[in-house]
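Chain and residue survey
In case you want the letters, here they are:
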Amino acid sequence: MSADPSHRRPAPLLRPLIWLAAAVALALVFGWYLSPHFIVEMAGRFWSCI
Amino acid sequence: MNQPRPTLPLGQMLLCGALIVTLSMGIRHSFGLWLQPITLAHGWSREDYSVAMAVQNLVWGAAGPLVGWWADRSGAFRVLWLGALLYALGLVGMATTSQHLPFVLTCGVVIGLAQACSTYAVIYGVVGRNISAAQRSWAMGITAAAGSFGQFLMVPLASTLIHGIGWSPALISLSMAALLIGPLAFGLRESARHHAASGGPSVTDAAPLGAGAALKEALGHRDYLLLTAGYFVCGFQLAFIGVHLPSYLKDHQLDPGVATTALALIGLFNVLGTYAAGSLGQRLRKTWILSFIYAMRGVAMLAFIAMPLTPISVAVFAATMGALWLSTVPPTNAVVAQMLGVRHLSMLGGLVFFSHQIGSFMGVWLAGRLYDATGSYQVVWWLAIVLAFAAAALNLPIREHLQPARRVVTA
């Protein structure tokens, strides 16, 4: 393994967050295939909130 | 090991590499959606569009080793910028031309070159040079999974764009997205000193080989040739299933929604399978992983054609094949790096990928030809199954360790 600190894998606390974000992204895209209008509408509402 | 200190931080390298591959692989994966609107708008046949796509795949594969050589020599930064500009130019050309020859030149040649400049082989060269061997397979898995995610994401996104703003403005939008590859390339910019120092010495403790000698060595390397032959099968199977599965399901009177669900499942499990293959490559022998992937593809296809075709059997097949889809990418490239070093990884990885692209071309073309000749896909399914087990057998005897010849090279 590299001794360079910048080359360590993400800290244990960060890993669940990365996995959660990845799972949400995958679920949203999967939903986009099965129900495209619903996901586009949800994205529109989310966009209007921010 | 005399490995030079990496200059690129891991997070920056993986994030930028992943985003670049997400864009380049994702845009490319959505091209099927433009078949109908473009052929309708210009009064072309489907064959006219297919010719451009076939040229694109072959140019991508054929340019790979040359572009890889350039990336190994000068670093990925300039190559990625060229890829971004060519991608944007090609997409604008696709959107604006109404003549067939310019369409083949833009969609086929220009975008094929752009893909060679912006996909796995170029990114893996940077990853290989800037990460320890112990982490390499995992890092390649992350990058490949990002490419899989791009493919998964871009199909519904492109479909929404086409329906929302029209096919031509949708292509212009994608051309602007492709330009983002340029700024992202700054995250993969290596220092000249590190680039020159990395590669050969870090792996072999021998004087580094020149590109010609490395190519000669690879082509005379039994295990490299076995790996290349196995990758041909990967391309054959994916292209056949990706292009012809929807028609196969339609021929068996299944609802079009079944094909959509199958596409979604392939995309979802592709991301998971690709990451898993990369991570497992850190713990297990990568050639065993490759053998397992090819053998499981054979088993999945055999079960699929042997059992009655139902929405459930299609979903199970799609999920299984999805998990095995691009999962060959990280172990294959990691084995190349392990066998032959990372100094010429983009060029040698590009050459292996050329074999994949010839397989893709054969998978699409031969399936269509055999379907026309026999009236069904049965022969092609059996061919794909036999090739799967052959590829599994080809990968088993591959030795991942460095060859003695590499250790005695003199300056």
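Residues numbered from 1 in each chain as written. Chains lettered and ligands numbered in written order. Predicted model: local features only at pLDDT ≥ 70, side-chain atom pairs only at ≥ 80, totals over all residues.

Let's shift gears to the environment of Met347 of chain B. All names here are of chain B. By the element assignment, Met347 lies in helix α18 (residues 345–374). For the pair Met347 and Arg73, spaced 274 residues apart in sequence, the C-alpha to C-alpha distance is 9.7 Å. Beyond its immediate sequence surroundings of up to four residues, Met347 is in contact with Pro65, Gly68, Trp69, Asp72 and Ala211. (Helix = DSSP H or I, 4+ residues; strand = E, 2+ residues; numbered from the N terminus. Contact = placed C-beta atoms within 7 Å.)

A few words now on helix α12 (residues 211–219) of chain B. Residues and elements named next belong to chain B. Among the residues of α12, Ala214, Glu217 and Ala218 are the ones counted as buried. With its buried residues spanning 100 degrees around the axis, α12 presents them on a single face. In α12, the exposed positions that point more than 90 degrees away from the buried face belong to Gly212, Ala213, Lys216 and Leu219. (Buried ≥ 20, exposed ≤ 12 C-beta atoms within 10 Å, placed from the backbone. Arc of directions from axis to C-beta.)

As a further point, take the environment of Trp325 of chain B. All names here are of chain B. Secondary-structure assignment places Trp325 in the loop between α16 (311–323) and α17 (329–340). The class of Trp325 is buried, set by 26 C-beta atoms lying within 10 Å. Residues Trp325 and Ile293 lie 32 residues apart in sequence; the distance between their C-alpha atoms is 8.9 Å. Excluding residues that lie within four positions of it along the chain, Trp325 makes contacts with Leu238, Ile266, Asn270 and Gly273.

Once that is clear, we can look at the domain arrangement of chain B. Residue and element names in this part refer to chain B. Each domain of chain B was delimited in the assignment, giving domain 1 (10–208) and domain 2 (215–400). Distance between the C-alpha centres of domain 1 and domain 2: 20 Å. Contacts between the two partners involve 42 residues from domain 1 and, on the opposite side, 38 residues from domain 2. Elements that contribute at least two residues to the side of domain 1 that touches domain 2 include exactly α3 (46–74), α6 (120–130), α7 (133–165) and α11 (200–204). At 16 residues, the largest contribution of residues to the side of domain 1 that touches domain 2 is made by α7. When its residues are assigned to classes, the side of domain 1 that touches domain 2 shows 24 nonpolar, 15 polar and 3 charged. (Domains from an automatic or database assignment. Nonpolar A, V, L, I, M, F, W, Y, C, P; charged D, E, K, R; others polar.)

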